[in-house]
Amino acid sequence: MQKFYKIVTFGCQMNVHESEKLAGVLESMGYRATEDETQADVVVFNTCCVREAAEQKAMGNIGALKPLKKKKKDMIIAVCGCMTQEKKRAEEIYKKFPFVNIILGTHNTYKFKEYLEQVLATKKRVYQVVPEEPCLPVEVESYRTSGYNAWVNIMYGCNNFCTYCIVPYVRGREKSRPMEDIVAECKKLIADGYKEITLLGQNVNSYGNTFNNGKNNFAELLRQIDALDGNFNLKFLTSHPKDLSEEVVKVIAESKHISHMIHLPVQCGSDRILKLMNRNYTVEHYIKTIEMIRKYIPDVNLSTDIIVGFPTETEEDFEMTLDLMKKVQYNTAFCFIYSKRTGTPAEKMDGQVPLATKRERVNRLLALQREIEKNIFNRFLGQTIKVLMTSRKEGKVLGKTDCGINVIIEGVKEFKVDFVTVKIKDIKNTKLIGEIVE
Ligand code: SAH
Ligand code: SF4
Ligand code: F3S
């Protein structure tokens, strides 16, 4: 009889891709995907702990499966990812949810098959939260679910230790995959018909810091992938403002395939707070970097992450963030309320900001960003741009610009996932409306 699995993913693209690897394991064992958990024989929660809300949601979702598990005794429930790499959390899940069969951390996800087989054979619970190993994790074949886009890991972990962030503790130290492995994977993906490749790392500009002399390895990696034959867009996440080099920006500007978009999280517009965050750059350095980027890539689309309410943040500090946003004019800004993370230096800092203040600030930030986005959208009017047709729904063809803005494309005779040229003639909410140009 056909067996089914359901994977519930929280957190960043890294986790989304890791879930594709878990799906790869389950598919290779003969399981098929389902959205319906009552049909599932295996349910996996791939968790995130970057903010408290993500953890609470995961805990709530796991708890909610208790009644189903009571009825379906053979159903296997696994919890993995960043949240279970935290020892305290993993132990809490073990005690609080005795119906969870498998608990594993981030450093042994690739052994999921072994653990699942163990549970199937012995019916005993598996609890495997292991400390970091010095080597790279074994690459497991992915079962890709992201349509035209393929995620590709180029490195794991982070060495930056921003004082608010839990990621270095749960993902370990920076480790880069060999360049030839990454290029070979990209080559295969392009041959398989993927139209977009997104390279993943917590700090891609440090890619290959341990190789050779460590210099410019990310620029070289981009160059090599850009040189591959085929019709594809190349993107990458995430750049750190202290490390993004002129060399990388030049490679993007001169490339055939690399999207003119850079995600450059600034986090805050106050030097005092940036220092407390251990970000290792100043607002002046950041603005200079933006100017350098715009010199080489005038049509660049910039995005950022912002944290409001970091300990001791005053109204003046916050206004500096607003000023910086007005100066830079981001296409997209992901705005977060600071969330206290156990074990990080910021947890112990004096001057924690009350929730009401944090909420009020984030709302002001979001309102400003909405205004900025409206202006940026208006600039697309009348432009002729390259758009990737991605789907057709109820007779409407949808697509995405190079930087990920949704476009409704009119006048399409034959739909297939491919690049087309579109003239933008209108804007509706957060979508551009355009007509295909033959
Ligand atoms: N490595 C990436 C992504 C890290 S997590 C980077 O450095 O940009 C994604 C975002 O979550 C961060 O950029 C930050 O804005 C936010 N974040 C991290 N820890 C947080 C915390 N404790 N509270 C609120 N937001 C946080
Ligand atoms: Fe976290 Fe900073 Fe590393 Fe990003 S660079 S993952 S914010 S510690
Ligand atoms: Fe990503 Fe969340 Fe882990 S943001 S790296 S899944 S803590």
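All residues adjacent to ligand 2 are C158, N160, F161, C162, Y164, C165, V167, P168, Q202, H240 and R279. Residue classes in the shell around ligand 2 are distributed as seven nonpolar, three polar and one charged.

Two elements in contact, helix α10 (residues 246–254) and helix α12 (residues 283–296), have axes whose closest approach is 9 Å; the angle formed by their N-to-C orientations is 25°. The orientation of α10 relative to α12 falls into the category roughly parallel. The crossing of α10 and α12 is right-handed. Along its contact with α10, which presents E246, V249, K250 and A253, the element α12 presents M292, I293, K295 and Y296. Classifying every residue of the contact of α10 with α12 by side-chain character gives five nonpolar, no polar and three charged.

The next subject is the sheet that holds strand β1 (residues 3–9). Read from one edge of the open sheet, six strands run β2-β1-β3-β4-β5-β6, paired in parallel fashion. Of all the strands in the sheet, the pair left with one neighbour each is β2 (31–33) and β6 (126–128). Strand after strand, the sheet turns through a mean of 20° between neighbouring axes, direction not considered. Sheet analysis places β1 next to strand β3 (residues 42–47), joined by five bridges and oriented parallel. Of the residues in β3, the one forming a bridge with Y5 is V42.

Before going further, it helps to examine the side chain of N149. With respect to the helices and strands, N149 occurs in strand β7 (residues 149–153). Residue class for N149 comes out buried when judged on its relative accessible area of 5%. Residues within four places of N149 in sequence aside, it is in contact with Y194, E196, I197 and T198.

Quick look at the sheet that holds strand β15 (residues 384–393) now. The strand order around the closed barrel formed by five strands is β15-β16-β17-β19-β18, and the pairing between neighbours is mixed. Direction aside, neighbouring strands of the sheet carry axes that sit 55° apart on average. The pairing of β15 with strand β18 (residues 418–428) spans six bridges and is antiparallel. Within the sheet, the bridge partner assigned to M389 lies in β18 and is D418.

It is worth spelling out the environment of I297 at this point. The residue I297 is located in the loop between α12 and β13 (301–308) in this model. In this structure, the C-alpha to C-alpha distance between I297 and E254, residues 43 residues apart in sequence, is 9.2 Å. If sequence neighbours within four positions are ignored, I297 has contacts with V249, I252, A253 and H260.

Further remarks concern helix α13 (residues 315–328). In a regular helix each residue adds 1.5 Å, so 14 residues correspond to 20 Å; α13 covers 20 Å between its end C-alpha atoms and thus fits that length. Inspection of α13 places D317, F318, T321, L322, L324, M325 and V328 among the buried residues, and these make up the whole buried set. Summarising the axial view, the buried residues of α13 lie within an arc of 160°, below the 170-degree limit, and thus occupy one face. In α13, the exposed positions that point more than 90 degrees away from the buried face belong to E316 and K327. Looking at the buried residues of α13, the elements they touch are α11 (271–276), α12, β13, β14 (332–337) and α14 (355–378).

Turning next to the nonpolar core. Counting residues in each nonpolar core, the largest one holds 85 residues, and the members touching the most others are L199, F218, L221 and I225. A domain split of this core shows at least three residues from each of domain 2 (149–378) and domain 3 (384–436). Excluding anything up to four places from it in sequence, L199 contacts V152, I154, C186, F218, L221, L222, I225, L234, K235, F236 and L237. F10, L65, M75 and F97 belong to the second largest nonpolar core, which has 26 residues in total.

On to the pairing of β7. Among the five residues of β7, five are classified as buried, and the element is accordingly described as predominantly covered. Burial along β7 is two-sided: the face carrying N149, W151 and N153 and the face carrying A150 and V152 are both buried. Taken together, the five bridges between β7 and strand β10 (residues 196–200) define a ladder with parallel strand orientation. What sits directly across from V152, in β10, is L199.

A few words on the domain arrangement of the protein. You can read the domains of the protein as domain 1 (3–128), domain 2 (149–378) and domain 3 (384–436). Look at where the C-alpha atoms of domain 2 and domain 3 centre, and you get two points 27 Å apart. Every contact between the two is made by 13 residues of domain 2 and, on the other side, 15 residues of domain 3. Across the interface of domain 2 and domain 3, roughly 1100 Å² is buried in total on both sides, 59% from carbon and sulfur atoms.

Next up on the list: the pattern of salt bridges. In the structure shown here, the tally under the stated rule is 28 salt bridges. Taking the shortest distance from any N to any O, the salt bridge between R144 and E185 comes out at 2.7 Å. Of the two residues, R144 sits in the loop between β6 and β7 while E185 sits in helix α8 (residues 179–191), which places them 41 residues apart along the sequence. E185 matches R144 in its accessibility class, with the two residues each being buried. One salt bridge connects E247 with R223, and the closest N-O pair in it is separated by 2.5 Å. Taken together, the residues span a long stretch of sequence, with E247 in helix α10 and R223 in helix α9 (residues 217–226) at a distance of 24 residues. When salt bridges with common partners are traced through the structure, they connect K21, E139, R144, R177 and E185 into a single cluster.

To continue, consider the environment of Y31. Inspection of the secondary structure puts Y31 in strand β2. According to the relative accessible area criterion, Y31 is buried, its value standing at 5%. Separated by 245 residues in sequence, Y31 and L276 place their C-alpha atoms 48 Å apart. Apart from residues no more than four positions distant in its own chain, Y31 is found in contact with Q2, K3, F4, Y5, L26, D41, V42, L116 and L120.

About the cut-offs
Residues numbered from 1 in each chain as written. Chains lettered and ligands numbered in written order. Predicted model: local features only at pLDDT ≥ 70, side-chain atom pairs only at ≥ 80, totals over all residues. Heavy atoms only, no water. Near = heavy atom within 4 Å. Nonpolar A, V, L, I, M, F, W, Y, C, P; charged D, E, K, R; others polar. Axes fitted to C-alpha atoms, helices over the stretch in contact; angles between N-to-C directions. Helix = DSSP H or I, 4+ residues; strand = E, 2+ residues; numbered from the N terminus. Parallel < 35°, antiparallel > 145°, perpendicular 65-115°, else oblique. Left-handed = near helix turned anticlockwise from the far one by under 90°. Contact = heavy atoms within 4.5 Å. Pairing = 2+ DSSP bridges. Buried < 20%, exposed > 50% of the residue type's maximum accessible area, 1.4 Å probe, protein only. Expected span 1.5 Å × (residues − 1). Arc of directions from axis to C-beta. Core = buried A, V, L, I, M, F, W, Y, C linked by side-chain atoms within 4.5 Å. Domains from an automatic or database assignment. Buried area = accessible area lost by both parts, 1.4 Å probe. Salt bridge = Lys/Arg side-chain N within 4 Å of Asp/Glu carboxyl O.

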